[in-house]
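Survey of secondary and tertiary structure
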Amino acid sequence: AEPERTFIAIKPDGVQRGLIAEIISRFERKGYKLVAVKLVVPSKEFAQKHYHDLKDRPFFDGLCDFLSSGPVLAMVWEGEGAIKYGRKLIGATDPQKSEPGTIRGDLAVVVGRNIIHGSDGPETAKDEIALWFEPSELVSYTSNAEKWLYG
Ligand code: DAT
Ligand code: MG
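Residues numbered from 1 in each chain as written. Chains lettered and ligands numbered in written order. Predicted model: local features only at pLDDT ≥ 70, side-chain atom pairs only at ≥ 80, totals over all residues. Heavy atoms only, no water.

**Section: the site of ligand 1**
Rules: It suffices for a single heavy atom of a residue to lie within 4 Å of a molecule or strand for the residue to be listed as near it. Here a polar contact is taken to be a pair of N or O atoms separated by no more than 3.5 Å, where protein atoms must pair a possible hydrogen donor with a possible acceptor and residues adjacent in sequence count only if both atoms sit in side chains. Note that accessible areas follow from Shrake-Rupley with a 1.4 Å probe, and for residues the cover is restricted to the protein chains shown. As defined here, a cavity is a set of points on a 1 Å grid over the protein atoms alone where a 1.4 Å probe fits but cannot get out. A pocket is an open set with protein on both sides within 12 Å along at least five of seven lines, and residues line them when an atom is within 4 Å of a point. Any molecule with more than half of its atoms within 2 Å of a cavity's or pocket's grid points is regarded as sitting in that cavity or pocket.
Around ligand 1, a shell composed of K11, Y51, L54, F59, L63, R87, T93, R104, V111 and N114 is seen. In the model, an oxygen atom of ligand 1 is placed 3.0 Å from a nitrogen or oxygen of the K11 side chain. R104 is positioned with one of its side-chain polar atoms (N or O) 3.0 Å from an oxygen atom of ligand 1. Contact with the protein chains removes 73% of the 510 Å² of surface that ligand 1 exposes when unbound. More than half of the atoms belonging to ligand 1 lie within 2 Å of the grid points that define the largest pocket.

**With respect to the side chain of H117**
Put simply, the rule is: What counts as a helix is a DSSP run of H or I of at least four residues, what counts as a strand is a run of E of at least two, and both are numbered from the N terminus. Pairs of residues are marked as contacts when any of their non-hydrogen atoms sit within 4.5 Å.
Examined against the element boundaries, H117 turns out to sit in strand β4 (residues 116-118). At a separation of 3.5 Å, a polar atom in the side chain of H117 contacts the side chain of H50. A distance of 2.9 Å separates a polar atom in the side chain of H117 from a polar atom in the side chain of E128. Not counting the four nearest positions on each side in its chain, H117 is found in contact with F7, I8, A9, K11, H50, Y51, I90, R104 and E128.

**Some details on the layout of surface pockets**
It is the rolling of a water-molecule-sized probe over the atoms that shows where space remains empty. Rule in force here: Grid points are joined across faces, edges and corners, and a volume is the space filled by probe spheres set on the points. Lys, Arg, Asp and Glu make up the charged group, whereas Ala, Val, Leu, Ile, Met, Phe, Trp, Tyr, Cys and Pro make up the nonpolar group; the residues left over, Gly among them, are polar.
Estimates place the volume of the largest pocket at around 640 Å³. Counting only elements with at least two residues in the lining of the largest pocket, the list comes to α3 (44-50), α4 (60-67), β4 and α7 (122-132). Top contributing element to the lining of the largest pocket by residue count: α7, with four residues. Of the residues in the lining of the largest pocket, the class split is eight nonpolar, nine polar and ten charged. The space that makes up the second largest pocket amounts to roughly 310 Å³. Looking at the second largest pocket, the residues that line it are E2, P3, E4, R5, I83, P122, E123, A125, K126, I129 and A130. At six residues, the largest contribution of residues to the lining of the second largest pocket is made by α7. Its residues assigned to classes, the lining of the second largest pocket comprises six nonpolar, no polar and five charged.

Take a look at the structure:
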């Protein structure tokens, strides 16, 4: 079976607040493998593509302005259950409802500045990885930790 991959992005607020290392460390310590990473300032048009599912929501325009307002750290993480468990590490959309111990629960306060994005299912993961990365930017490699993580 193909390894499971999810698209994770640290939004401009997370980058500006100096939370890159903190957030990467949570995925890394869990046991997921970083297979792509880059720092980009998305255009508003690109942000609209990324959030196209939300185009009819009242906050869509502000959300796209925000995502394109500064550097975003775009990443692909790989490992068993990476999509669903990645969402668990991130926590609920509204940081007021995110559990302590989650990224949003520990590090964010309001829904409009919730510092991180994560794909919500296999289809969106595939689409978002293809939107943000060229196939050649995805690095396949064996991590020495895998035999200890997976037995
Ligand atoms: P998630 O990022 O948890 O997948 P989502 O896909 O429903 O949540 O929404 C995308 C982003 O839009 C979310 O991270 C923050 C913003 N957002 C969602 N609901 C909002 C609301 N009610 N008011 C303002 N921003 C909202
Ligand atoms: Mg979403």
